[in-house]
Amino acid sequence: MIYDNTADTSPPEDHIKSYALSKDQEPIPASPNFGIDSPLGLLASNILAPLYLYATLKGKHQVWAEILDALPDDLFKQPTLDVGCGRGMVLLKVAQRKKKITESSTAPGVSVEQAYGIDIFNTGDQSGNSPLATYKNAAAMGVVDQTVLHTASFTERLPFADNTFSLVTSSLAIHNVDGVGRANAMKEIMRVCLPGATVVIIDLQGYVKAHEKLAREHGWEAVEVQQVGMRMQFGLLPCQVLRATKP
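Residues numbered from 1 in each chain as written. Predicted model: local features only at pLDDT ≥ 70, side-chain atom pairs only at ≥ 80, totals over all residues. Heavy atoms only, no water.

Peer 1: What should I look at first to understand the side chain of Thr-80 in this one?
Peer 2: By secondary structure assignment, the location of Thr-80 is in strand 1 (residues 80–83). With sequence-adjacent residues up to four places away left out, Thr-80 is seen in contact with Leu-75, Val-94, Lys-98, Gln-114, Ala-115, Tyr-116, Phe-165, Ser-166 and Leu-167. (Helix = DSSP H or I, 4+ residues; strand = E, 2+ residues; numbered from the N terminus. Contact = heavy atoms within 4.5 Å.)

Shown next, in the form of structure tokens:
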């Protein structure tokens, strides 16, 4: 069971499926386009804008590719969730890994569940942010069948059941809300994780410590925080990565 059966509403719309089934098919680009992170953040970087542009256009892609490549295949076989997925940079890398596992498996009956992503699609958080943009990127990368996309806010109860996901990721999203919202996001992430699940969160330095504190308070294991380095230096603001495992 993926969705929360305690809610009074039906599961939210899957934007990927809706666009894929639409009679008015959108043209599919030859390659994905993930835009840039906060345009206001870029302007605020002033003379450090080149660092910001490098981080958003290249650096974060490299960092996430290395993080995901280092994780074992078993984490990708069950449902996964990307929180604040935006135009899908991390979500679709996970979906690619799922597709690769499916195609390379020689064992009969191997089942690889889909990659789920949620966002409120605020263009202030990412340029051109919209469900359609994410769908086009999924189509360009050939992972429509591996991807599910919902509009949902991590400041509220997520539309998923307890103990659902084997891997939850989030990239530069949780800092965009206030302290109460950030705490709720972490509690919801922890709620929807399976026992033994891995969480990987990259966020601006100064915000990650609160995520770490909540994980430790809830008895999570292998909790570690590391600097990401210059590849994700958004102007003056460095990033940190939190990794943790649900007991």
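After that view, the rundown keeps rolling.
Peer 1: What's the story with the pattern of salt bridges in this structure? I'm lost.
Peer 2: Within this structure, the stated rule accounts for 10 salt bridges. Here Arg-97 and Asp-73 are joined by a salt bridge, their closest N and O atoms 2.8 Å apart. Taken together, the residues span a long stretch of sequence, with Arg-97 in helix 5 (residues 89–104) and Asp-73 in the loop between helix 3 (49–69) and helix 4 (74–77) at a distance of 24 residues. When its relative accessible area of 14% is taken as the criterion, Arg-97 is described as buried. Classification of Asp-73 as partly exposed rests on a relative accessible area of 37%. A salt bridge links Arg-191 to Asp-162, with the nearest nitrogen and oxygen atoms 2.7 Å apart. (Salt bridge = Lys/Arg side-chain N within 4 Å of Asp/Glu carboxyl O. Buried < 20%, exposed > 50% of the residue type's maximum accessible area, 1.4 Å probe, protein only.)

Peer 1: Can you walk me through helix 8 (residues 208–217) in this structure?
Peer 2: Because an α-helix completes one turn every 3.6 residues, residues spaced three or four positions apart along the sequence face the same direction. All of the buried residues in helix 8 are Val-208, His-211, Glu-212, Leu-214 and Ala-215. Burial along helix 8 is one-sided: seen end-on, the buried residues are contained in an arc of 165 degrees. In helix 8, the exposed positions angled more than 90 degrees off the buried face are occupied by Lys-209 and Lys-213. Where helix 8 is buried, its residues touch helix 7 (179–192), strand 5 (193–204), strand 6 (221–227) and strand 7 (239–245). After helix 8 finishes, the residue Gly-219 shows a positive phi value of roughly 75 degrees. (Arc of directions from axis to C-beta.)

Peer 1: Just checking my understanding: could you explain unusual backbone geometry for this structure?
Peer 2: Negative phi characterises most residues that are not glycine, and trans characterises most peptide bonds. Even without being a glycine, Asn-163 presents a positive backbone phi close to 55 degrees. Residue placement: Asn-163 occurs in the loop between strand 3 (147–151) and strand 4 (165–171). The backbone of Leu-172 sits at a positive phi, close to 55 degrees, despite the residue not being glycine. Along the chain, Leu-172 falls in the loop between strand 4 and helix 7.

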